[in-house]
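What follows is the residue order along each chain.
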Amino acid sequence: MSEGRATALVDLPGEWFGLPEGSRAVLEMAETELAAADWLSSLEVGRAVRVSLPEDAPWGPALREYPGDLSIRALTGPPAALPTAVLARGECASAEIPPGQSALERLRACGEAGVPARLADLDLWPGPDLAAALDFYITCPTLESPVEPWHSLAQAVSGGWPCDLWHAEEAVVGRNIYISVQGLATLSARFDRRERWFGAGGEGLEGWRGSALWRELEGYRRALFRTRAECAFCAAFPWCGGFWVAPGLEDHERCEVWRGLMAHLAKMAREAGASATSSTNPMGTPCGRGTS
Amino acid sequence: MLVVVKPTNACNGTCRYCSADSGKTSSPMRVDQLPALFGAFAEWLCAARGDGLNFLWHGGEPMLMGPAFYWHVLEAQREAFGANANRVTNSIQTNLSLLTPEWIPLLRELLGRSRVGTSFDPVPGWRGLRDGVDYDERWLEATELLRRSGIRYGVVYVVHRESLGHAARIYRYFRNWDPGASTRFNPLYAQGRAAAPADGALGLTADEYGEFLVELLDAWREDGCRARVAPLAEWWEAWRGQRSRLCCDCSGRCSDSHLGVTPDGSVYGCGRCIDSGVGRFGNLFEEPLGSILASRARSMMVGRAEGLLHGPCQDCEWWALCGGGCPNDGLIAYGDLTRETGFCAARKRLFGRLRELLGPPALVAPSGESSCEEAAE
């Protein structure tokens with residue numbers, strides 16, 4: 001996902017794909033496919049569906065008129081356009097901000113408009129921009145809407161509730177599925193970008209479970225501790241879970257950046273003291289979007 | 001009262017620092033001996049109004065007895081304690097190597113709200129299993145099973161020579177694996193297999209152990225005291241005037257509250273006393289509990305605190321937090337169960353650090369007592 005992306009992400013209840021209750025499945029769909037499809041109106045009314053749209057997507061009538069619990073996540077959207085996009089669905093809207101030249105500007109605009117924001121495609125954000133985004137979240141005196149993943153992680157660091165990056169990024173094995181526009185199933189867009197898949201989308205849960213990637217991810221956490229990998233001893237592990245050195249996705253540079261950011265967040269949380277632990281999460285669930 | 005029962009001395013472990021391995025083998029406790037075991041305590045429980053009775057199943061490896069043995073334990077306890085059965089609790093200290101899903105219903109029934117105690121070492125090469133089974137893999141799998149099953153557990157970590165300088169990393173390993181599990185740090189006891197290992201001394205001096213505790217305290221504080229760490233948390237709370245359950249080795253009165261029972265019914269002061277083989281009080285299968293509790297060996301232990309307060313601990317400012325330490329550490333250091341702990345200097349060093357951080361202690365009477373032989377609550 002990047003600026004100008006021509007696909008939309010449709011986020012559906014994971015139960016539809018055989019996953020346990022409360023899990024989520026994300027389908028990447030070509031914009032034209034989404035606009036043309038009347039599948040949305042055929043969905044079971046009352047089920048939560050979220051759609052993330054590219055900033056220049058046509059806001060199709062099918063989407064606006066969907067009678068179920070639908071929330072829209074605008075993929076960044078120029079600040080001026082954002083309210084138009086989200087007002088159609090009222091308070092269920094949030095903004096996804098992919099990395100890019102204007103990402104920080106957009107983050108500030110969301111903050112000023114009171115729109116909950118999420119840094120999309122975290123693995124593509126340059127370290128300095130990540131640090132600046134965290135700094136904005138920590139220091140902006142007028143910010144009242146959450147910025148994810150910082151908000152969930154800040155709560156976790158303060159002892160409010162457990163949450164690591166896997167949960168914050170909705171990439172938990174057995175609870176999240178991502179089906180790419182090519183119809184390949186994997187854990188999240190990050191794995192799709194690195195061409196690591198469970199298999200074809202049509203294989204279904206049983207097929208995905210048998211894949212090497214699924215098995216690797218299932219045993220990943222245990223392997224870190226059995227082999228005494230550095231993650232097992234890391235001060236930032238409770239809020240990272242080895243996210244940056246996942247099988248086939250090793251990114252030690254970003255791991256180092258992340259450790260610095262988490263140390264900063266932990267220091268700020270300690271200084272904030274008890275007041276941080278008692279705050280509520282405007283996103284409503286521990287990791288922002290109900291997958292934990 | 002806490003009764004440490006060792007239904008078997010056998011163990012499938014090969015841990016380098018095992019203090020329970022005396023080299024002797026004996027027959028495991030039989031199911032038909034359970035009525036006599038619990039019957040001996042039934043009268044005591046009736047008389048001890050308000051007090052509870054906790055059986056800590058220890059070893060050896062207690063899971064070698066199999067789940068069926070513990071179903072018999074529950075049945076025999078119901079029969080022996082009758083209306084007082086609700087004052088009886090059970091806990092277990094195990095290496096978890098034999099845990100399978102079949103154990104889960106038994107553990108739920110046996111433990112109630114208590115937690116499983118287990119042990120692990122993030123320093124590689126210290127814990128092992130016979131027949132080449134990977135201890136670490138089994139333990140990690142087993143604790144995952146406990147977590148999935150909603151059964152709480154705590155870990156005992158033995159501080160040894162190779163732990164030195166790594167307190168913060170060891171703390172973080174346990175916190176990272178499961179922040180909900182408590183960890184109790186005990187120093188290596190230089191007895192059993194650890195007394196004279198082929199590969200040299202494994203144990204610590206009191207100064208070294210004190211250094212480890214201070215490093216651990218600093219790491220724990222740096223982390224916002226996030227995970228439950230014993231004995232630090234117990235001392236920290238007591239110091240700040242909060243109600244705390246100090247460990248048995250800090251009360252100075254462990255002889256009043258602990259017993260240890262071997263597979264053949266012999267009674268000692270606790271599980272550690274069984275391991276050291278010193279201070280036998282009697283045998284439950286041969287004489288009434290009353291005469292065992294009144295034995296000369298036990299009376300000597302009960303009088304230990306008075307002796308210390310008039311002797312080596314007389315002028316010590318830390319008595320309320322230390323109680324002279326574990327009698328078995330006195331035995332190892334001085335060959336005498338009634339002496340103070342050989343880790344006296346370690347404790348003084350830690351208490352000194354606590355005073356730097358918190359000022360003078362605001363102690364209140366402890367609200368109970370935990371045991372060094374099981375993971376912390």
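*Asks:* Sorry if this is basic, but what is going on with the overall build of chain B here?
*Replies:* A count of helices and strands for chain B gives 16 helices and 12 strands. Its C-alpha radius of gyration of 20 Å places chain B within 12% of the 21 Å reference for a compact globule of 377 residues. With the principal axes as the frame, chain B shows a C-alpha extent of 55 × 50 × 40 Å. Within chain B, contacts between residues at least 6 apart in sequence are counted, and of these 74% link residues at least 24 apart.

*Asks:* Just checking my understanding: could you explain the overall build of chain A for this structure?
*Replies:* Assigned secondary structure in chain A consists of 14 helices and 10 strands. The 292 residues of chain A split such that 45% are buried. If you take every contact in chain A between residues at least 6 apart in sequence, the share linking residues at least 24 apart comes to 50%.

*Asks:* Which parts of the structure should I look at to understand the packing of helix H6 (residues 206–222) of chain B against helix H16 (residues 344–358) of chain B?
*Replies:* Pairs of packed helices are described in terms of their axes, by the angle between the two and the distance that separates them. Residues and elements named next belong to chain B. With their axes 7 Å apart at the nearest point, H6 and H16 run at an angle of 30° to one another. Regarding the angle of H6 to H16, the classification is roughly parallel. By crossing handedness, the relation of H6 to H16 is classed as right-handed. Residues Ala206, Asp207, Tyr209, Gly210, Leu213, Val214 and Leu217 of H6 form the contact with H16, whose participating residues are Cys344, Ala345, Ala346, Arg349, Leu350 and Arg353. Looking at side-chain class alone, the contact of H6 with H16 contains 9 nonpolar, 1 polar and 3 charged residues.

*Asks:* When you look at the pairing of strand S5 (residues 94–97) of chain A in this model, what are you seeing that I'm missing?
*Replies:* Every regular strand shows the same layout, with side chains that alternate between the two sheet faces. On S5(A), burial covers both faces: Ser94(A) and Glu96(A) on one face and Ala95(A) and Ile97(A) on the other are all buried. Regarding topology, helix H5 (residues 103–113) of chain A serves as the crossover connection from S5(A) to the parallel strand S6 (residues 117–119) of chain A, and that connection is right-handed.

*Asks:* Please clarify how the interface of chain A and chain B should be interpreted in this entry.
*Replies:* Interface size, as often reported, equals the accessible area lost upon joining of the parts. Tallying the contact residues gives 12 residues for chain A and 14 residues for chain B. In terms of residue count, the dominant contributor to the side of chain A that touches chain B is helix H12 (residues 220–226) of chain A (3 residues).

*Asks:* Please explain the confidence of the model for chain A as it appears in this structure.
*Replies:* Any residue range with low pLDDT should be treated as having predicted coordinates unsuitable for detailed reading. Residues of chain A with pLDDT of at least 70 account for 68%, and the chain-wide mean is 76. Taken as a whole, residues 56–64 of chain A scores under 50 in pLDDT and shows 13 contacts with residues more than four places along the chain or in a different chain.

*Asks:* Hey, could you run me through the nonpolar core in this one?
*Replies:* Across soluble globular proteins, you tend to see nonpolar side chains buried next to one another. One finds Leu153(A), Cys240(A), Leu265(A), Val3(B) and Leu216(B) to be the most contacted residues of the largest nonpolar core, which totals 166 residues. Take this core: its biggest share by element is 7 residues, from helix H1 (residues 34–47) of chain B. Apart from the residues within four sequence positions on either side, Val3(B) is in contact with Leu53(B), Phe55(B), Leu56(B), Leu259(B) and Val261(B).

*Asks:* Explain the environment of Cys326(B) here, please?
*Replies:* All names here are of chain B. One can find cysteine 326 in the loop between helix H14 (319–322) and helix H15 (327–334). It is 29 Å that separates the C-alpha atoms of cysteine 326 and serine 27, two residues lying 299 residues apart in sequence. Setting aside its immediate chain neighbours within four residues, cysteine 326 contacts Asp249, Arg272, Thr341 and Cys372.

*Asks:* Where do I start with the sheet that holds strand S10 (residues 266–268) of chain B in this structure?
*Replies:* All names here are of chain B. Strands sit in the order S7-S6-S5-S4-S3-S2-S1-S9-S10-S11 across an open sheet of 10 strands; the sheet is mixed. One side of each edge strand has no neighbouring strand; the edge strands of this open sheet are strand S7 (229–230) and strand S11 (282–283). Sheet analysis places strand S6 (residues 182–187) next to S7, joined by 2 bridges and oriented parallel. In the strand pairing of S7, arginine 184 is matched with alanine 230.

*Asks:* What is the right way to look at H6(B) in this model?
*Replies:* Residue and element names in this part refer to chain B. Taking 1.5 Å per residue, 17 residues should reach 24 Å; H6 reaches 24 Å between its end C-alpha atoms and fits that length. Within H6, burial applies to Tyr209, Gly210, Phe212, Leu213, Glu215, Leu216, Leu217 and Trp220. Structurally, H6 contributes buried residues whose contacts are with strand S5 (153–159), helix H5 (167–177), S6, S7, helix H7 (232–239) and H16. One or two positions beyond H6, positive phi appears at glycine 224, with a value near 70°.

*Asks:* How should the environment of Ala333(B) be read in this particular structure?
*Replies:* Residues and elements named next belong to chain B. Its place among the elements puts alanine 333 in helix H15. By the C-beta count within 10 Å, which is 17 here, alanine 333 ends up partly exposed. Put simply, alanine 333 and alanine 190 are 143 residues apart on the chain and 9.4 Å apart in space, counted from C-alpha to C-alpha.

*Asks:* For this particular structure, what's the right way to read H15(B)?
*Replies:* Quick reminder: α-helices carry 3.6 residues per turn. Residues three or four places apart thus point the same way. Residues and elements named next belong to chain B. Counting buried positions along H15 yields 6 of 8 residues, so the element is predominantly enclosed. Within H15, burial applies to Pro327, Asn328, Asp329, Gly330, Leu331 and Ile332. Where H15 is buried, its residues meet helix H10 (271–276), helix H12 (296–302) and helix H13 (304–309). Positive backbone phi, approximately 70°, marks glycine 335, located one or two places after H15.

Rules and cut-offs
One numbering rule holds for all chains: residues counted from 1, following each sequence as written. Both sets of labels track the order of writing: A upward for chains, 1 upward for ligands. Where local features are concerned, this predicted model is filtered to residues with pLDDT of at least 70; where side-chain atom pairs are given and counted, the filter is 80 or more; whole-chain, interface and lining totals use all residues. Each helix is a run of H or I in the DSSP string that is no shorter than four residues. Each strand is a run of E no shorter than two, and both are numbered from the N terminus. We compute the radius of gyration from the C-alpha atoms alone; for a globule the expected value is 2.2 Å times N to the 0.38, where N is the number of residues. We call two residues in contact when the distance between their C-beta atoms, placed using the backbone, is within 7 Å. Residues with at least 20 other C-beta atoms within 10 Å of their own are called buried, those with 12 or fewer are called exposed, and the rest are partly exposed. The C-beta atoms themselves are positioned from the backbone. Axes, fitted as lines to C-alpha atoms, cover a helix only where it is in contact. Angles between the N-to-C directions of the axes lie from 0 to 180 degrees. By the definition adopted for this analysis, an angle is roughly parallel if under 35 degrees, roughly antiparallel if over 145, roughly perpendicular if from 65 to 115, and oblique otherwise. By definition, any crossing whose near helix is turned counterclockwise from its far helix by less than a right angle is left-handed, and any crossing with a clockwise turn is right-handed. Three residue categories are used. Nonpolar comprises Ala, Val, Leu, Ile, Met, Phe, Trp, Tyr, Cys and Pro, charged comprises Asp, Glu, Lys and Arg, and polar comprises the others, including Gly. Orient the strands so they point away from the viewer; a crossover is then right-handed if the path from the first strand over the helix to the second runs clockwise. pLDDT is a residue-level measure of predictor confidence that goes from 0 to 100. To define a nonpolar core, we join buried Ala, Val, Leu, Ile, Met, Phe, Trp, Tyr and Cys residues through C-beta atoms within 7 Å and take the resulting set. Should DSSP find at least two bridges between two strands, the strands are taken to pair. The span you would expect from a helix comes to 1.5 Å times its residue count less one.

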